[in-house]
Amino acid sequence: MNNWTGRAQKILEDSLSVKRLFWDKQRENILKSAEAILNSLKNGGKLLIFGNGGSAADAQHMAAEFINRFRLEREPLPAIALTTDTSILTAVANDYDFSDVFEKQIKALGQPGDVALGISTSGNSKNVLRGLKAAREQGLLTIGLTGGTGGNMASFADILVVVPSRETPRIQEAHIFYIHLVCELVEEAIFAS
Ligand SMILES: O=C(CO)[C@@H](O)[C@H](O)[C@H](O)[C@H](O)COP(=O)(O)O
Ligand SMILES: [Zn+2]
């Protein structure tokens, strides 16, 4: 049998310390971005979320929490993951380029006052950067959820939320903490009496 206990323990410790460091170093940006989402929703805006691979799953996960419910019984909140319609994704990628898949949807669906949340651990996925750029040009508030150096996301994000790690899986584990934290804070602010 493999002796995985030590290795698993190390992965756990790394994951915990990245999350702790994330909170310690990025508290201000985390809370500022949650407030921006809250203000948008309170004023009739919506949240558009996008990313690749694990971050596409995170985008869908977050949209589901907003539309269905998180911890409170309450009315749905408007959020759309731009990662789910395979007809749109394949048509745009096939006819144009994969780097256009989020930009086109932002142009079609984004309204001034909405929030665009682009998720990329490297901060360098072209389609995510193009989505954020289009969102900014269209008057949306842009949030970049990233890791490491933040890559090129700083150029297109009004608020940059950076997980201080260079390990994609550890960054993603902190991203899901961020997503649940934002859902919980926003839901309580709107619905808890
Ligand atoms: O979940 C993982 C790795 O943990 C992968 O699916 C990962 O998300 C994909 O390789 C993405 O394409 C990486 O893109 P990005 O985070 O650099 O924007
Ligand atoms: Zn992953």
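Keep in mind the model is a prediction, meaning the values are calculated, not measured.

Parameters at a glance
- Residues numbered from 1 in each chain as written.
- Chains lettered and ligands numbered in written order.
- Predicted model: local features only at pLDDT ≥ 70, side-chain atom pairs only at ≥ 80, totals over all residues.
- Heavy atoms only, no water.
- Pairing = 2+ DSSP bridges.
- Helix = DSSP H or I, 4+ residues; strand = E, 2+ residues; numbered from the N terminus.
- Axes fitted to C-alpha atoms, helices over the stretch in contact; angles between N-to-C directions.
- Contact = heavy atoms within 4.5 Å.
- Buried < 20%, exposed > 50% of the residue type's maximum accessible area, 1.4 Å probe, protein only.
- Near = heavy atom within 4 Å.
- Polar contact = N/O pair within 3.5 Å; in protein donor to acceptor, adjacent residues only side chain to side chain.
- Nonpolar A, V, L, I, M, F, W, Y, C, P; charged D, E, K, R; others polar.
- Expected span 1.5 Å × (residues − 1).
- UniProt positions renumbered as here; feature names shortened; annotations may be inferred.
- Left-handed = near helix turned anticlockwise from the far one by under 90°.

**What about the sheet that holds strand β2 (residues 79-81)?**
For sheets, the rule is that strands pair by backbone hydrogen bonds, running either parallel or antiparallel.
Then, in step 1: Strand order in this open sheet of five strands is β2-β1-β3-β4-β5, and the pairing throughout is parallel. On the outer flanks of this sheet lie β2 and β5 (159-163), each paired with one strand and no other. The mean angle between the axes of side-by-side strands here comes to 15°, regardless of whether they run parallel or antiparallel.
Then, in step 2: Sitting on the sheet, helix α1 (residues 5-42) touches β1 (47-51), β3 (115-119), β4 (141-147) and β5, and the angle it makes with β5 is about 150°.

**As for the environment of glycine 54**
Then, in step 1: Mapped onto the fold, glycine 54 is located in helix α2 (residues 54-67).
Then, in step 2: Take glycine 54: its relative accessible area is 31%, and that puts it in the partly exposed class.
Then, in step 3: Residues glycine 54 and serine 120, spaced 66 residues apart in sequence, show a C-alpha to C-alpha distance of 9.3 Å.

**Section: the site of ligand 1**
Then, in step 1: Looking at ligand 1, the residues that line it are Asn52, Gly53, Gly54, Ser120, Thr121, Ser122, Ser125, Thr168 and Gln172.
Then, in step 2: Within the contact set of ligand 1, an oxygen atom lies 2.6 Å away from a side-chain nitrogen or oxygen of serine 122.
Then, in step 3: Side-chain polar atom of glutamine 172 to an oxygen atom of ligand 1: 2.8 Å apart, as the coordinates give it.
Then, in step 4: When the residues that make up the shell around ligand 1 are grouped by side-chain class, the tally is no nonpolar, nine polar and no charged.

**Some remarks on α2**
Then, in step 1: For α2, which comprises 14 residues, the first-to-last C-alpha distance of 20 Å matches the rise-based estimate of 20 Å (1.5 Å per residue) to within 8%.
Then, in step 2: Within the sequence span of α2, burial applies to Ser55, Ala56, Asp58, Ala59, Met62, Ala63, Glu65 and Phe66.
Then, in step 3: On the buried face of α2, the contacting elements are α1, β1, β2, β3 and α6 (168-191).

**Notes on the UniProt feature "binding site: Zn(2+)" (unreviewed entry) in the protein**
Then, in step 1: The UniProt record annotates "binding site: Zn(2+)" (unreviewed entry) at His61, Glu65, Gln172 and His180.
Then, in step 2: Mapped onto the elements, histidine 61 comes out in helix α2.
Then, in step 3: Residue classification places glutamine 172 among the partly exposed residues on the basis of a relative accessible area of 25%.

**As for the pairing of β3**
Then, in step 1: Of all five residues that make up β3, five are buried, and the element is covered over most of its length.
Then, in step 2: Burial along β3 is two-sided: the residues Val115, Leu117 and Ile119 and Ala116 and Gly118 are all buried.

**Brief notes about the packing of helix α3 (residues 86-95) against helix α4 (residues 101-109)**
Then, in step 1: Two elements in contact, α3 and α4, have axes whose closest approach is 9 Å; the angle formed by their N-to-C orientations is 115°. Crossing of α3 over α4 shows right-handed handedness. The residues of α4 that touch α3, namely those facing Ile88, Leu89, Val92 and Ala93, are Val101, Lys104 and Gln105.

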